[in-house]
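In case you want the letters, here they are:
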Amino acid sequence: MSQPQEASHPQAGLHTGWPHQIYTILKRNGINQVGYVPDTGHRQLISLCQADNEITDVVLTTEAEGAGLVLGASLGGQRAALLMQSSGVGNCINTFSLLRNCAVPCVILVTMRGEFADFNPWQVPMGSITEQTLKLCGFLTYRIEREEDIEDTVAAGCKMAFGGGNLQVAILLAQRMVDRSKPEGH
Amino acid sequence: MFDRRPFVAGLLVDRGDLLVVTGLGSSTYDVAACGDHSLNFYLWSAMGTTAMVGLGLALARPDRRVAVITGDGDTLMGLGSLATIGVKQPGNLSIVVLDNRHYSATGMQPTATAAGIDLAGTAQACRFRRVERVTELSRAAAMRELLHTGQGPIFIHAQVEADDQKRIMPSRDGYAISRRFMQASGR
């Protein structure tokens, strides 16, 4: 396993905290492709994936592209994960159909918006229906409120997806885990 | 402009281990008309994502050539994916767009390309390494060669006739066609 070089990253603590825990679990599960539309909550995890030679990181123009990427990776024998924020889930509804139609195992990590002291109330309509939307799309959903639950829950989600059931799993990361009380840079 | 069926047939001559992904609708029927093949993957939902399936596959299989064969409607719905592909620069991926300027599955309503929206120009702007504008059927053999040996990402824009062709229906069982594909391609 290649270790990314801390020195090449401006952010302190790249190899600590819950994003690094998630990264380690994705590595352990043999994830080779990670598609994402960036989110502040995923910033560190994205940096870790970008620095990893064994992971192909793909920046998507819309989250809707993600299901196609995951299916293509799976046809090529690779496992893929998607990173997005809750607003992105709404962009994916029809394209998620690929994953069920072809029984493609997949793990999606969703950082929540519009649920806890969000500075932007326009995030509430999508944020408040994100988990139900994922369930309607056929996903098993897990919600993580506290950092100490990351290891168990993300590992369990990966096991459900890749353990032979070919399931689609979404892991929602509560907004309390990421400070959204102010817009970035304020 | 030319007939799409002999063009697609020309692209798939001696296809060897070429991996083929088709967009839902007419392009699936065109590829199926050449004979079902275990290295074909047909999409039956999620219009707009065909190129992305090709990208995920091309990134996972750098040892193989991947050809996406799709239409203008599907490409327009996923226009952003041309940018996504341009960022990754997969050398083994080709996108073939059979542009008939119409939504042929739903009653031949005009697409944006009927108004002159330029998909080949879009691919060029998205840093496709090679962009071919095909207006003659006689170029099919050269395009077939590109699919097998050209440096990607390649974009082949084929200006085909807007006519209603016989619908050749391959399997719509996503589980079956995906597992068949994986097994036949060694995964």
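Look up a bit, the structure's there.
Residues numbered from 1 in each chain as written. Chains lettered and ligands numbered in written order. Predicted model: local features only at pLDDT ≥ 70, side-chain atom pairs only at ≥ 80, totals over all residues. Heavy atoms only, no water.

Student: Account for the overall build of chain B, with residues named and values stated.
Tutor: Secondary structure summary: chain B contains 8 helices and 8 strands in total. For a compact globule of 187 residues, the expected C-alpha radius of gyration is about 16 Å, and chain B comes in at 15 Å, within 12% of that figure. Projecting the C-alpha coordinates of chain B onto the three principal axes gives extents of approximately 45 × 35 × 30 Å. Looking at chain B as a whole, 56% of its 187 residues are labelled buried. Within chain B, counting contacts between residues at least 6 apart in sequence, those at least 24 apart form 75% of the total. Surface exposure of chain B reaches about 7100 Å², of which carbon and sulfur atoms provide 51%. Distance between charge centroids for chain B: 7 Å, based on 20 positive and 17 negative side chains. (Helix = DSSP H or I, 4+ residues; strand = E, 2+ residues; numbered from the N terminus. Rg over C-alpha atoms; globule rule 2.2 N^0.38 Å. Buried < 20%, exposed > 50% of the residue type's maximum accessible area, 1.4 Å probe, protein only. Contact = heavy atoms within 4.5 Å. Areas by Shrake-Rupley, 256 points an atom, 1.4 Å probe, with all protein chains shown as cover. Lys, Arg positive; Asp, Glu negative; His and termini not counted. Charge placed at Lys NZ, Arg CZ, Asp CG, Glu CD.)

Student: Can you lay out the pairing of strand β4 (residues 93–99) of chain B for me, pointing to particular residues and giving the numbers?
Tutor: A regular strand places its side chains so that they alternate between the two faces of the sheet. All names here are of chain B. When you tally the buried positions in β4, you get 7 out of 7 residues, the bulk of the element. Covered by surrounding structure in β4 are Leu 93, Ile 95, Val 97 and Asp 99 together with Ser 94, Val 96 and Leu 98, the residues of both alternating faces. As paired strands, strand β3 (residues 66–71) and β4 are joined by 6 bridges and run parallel to one another. The partner of Val 66 across the bridge, within β4, is Leu 93. Here β4 pairs with strand β8 (residues 154–159) via 6 bridges, running parallel. The partner of Asp 99 across the bridge, within β8, is Gln 159. (Pairing = 2+ DSSP bridges.)

Student: I'd like to hear about the nonpolar core, residue by residue, with values.
Tutor: Phe 96 of chain A together with Phe 7, Phe 41, Ile 95, Phe 128 and Phe 155 of chain B are the most contacted members of the largest nonpolar core, which has 82 residues in total. Tallying contributions element by element places helix α3 (residues 50–60) of chain B first for this core, with 7 residues. Setting aside residues no more than four positions away along its own chain, Ile 95 of chain B makes contact with Ala 51, Val 68, Ile 85, Phe 128, Ile 154, Phe 155 and Ile 156 of chain B. In terms of nonpolar packing, the next biggest core, distinct from the first, is built from 29 residues, Ile 25, Tyr 36, Ile 46 and Cys 158 of chain A among them. (Core = buried A, V, L, I, M, F, W, Y, C linked by side-chain atoms within 4.5 Å.)

Student: Could you give an account of the packing of aromatic side chains, naming the residues involved and the relevant values?
Tutor: All names here are of chain B. In this structure the tally under the stated criterion is 5 aromatic pairs over all chains. With a centroid separation of 6.4 Å and an interplanar angle of 80°, the aromatic rings of Phe 41 and Phe 181 are classed as edge-to-face. Of this pair, Phe 41 sits in strand β2 (residues 40–42) while Phe 181 sits in helix α8 (residues 174–184), and the two are 140 residues apart along the sequence. Take Phe 41 and Phe 181: they sit in the same class, and that class is buried. Geometrically, the ring pair formed by Phe 128 and Phe 155 is edge-to-face, given 5.6 Å between the ring centres and 80° between the ring planes. (Phe/Tyr/Trp six-rings, centres within 6.5 Å; stacked < 30°, edge-to-face > 60°.)

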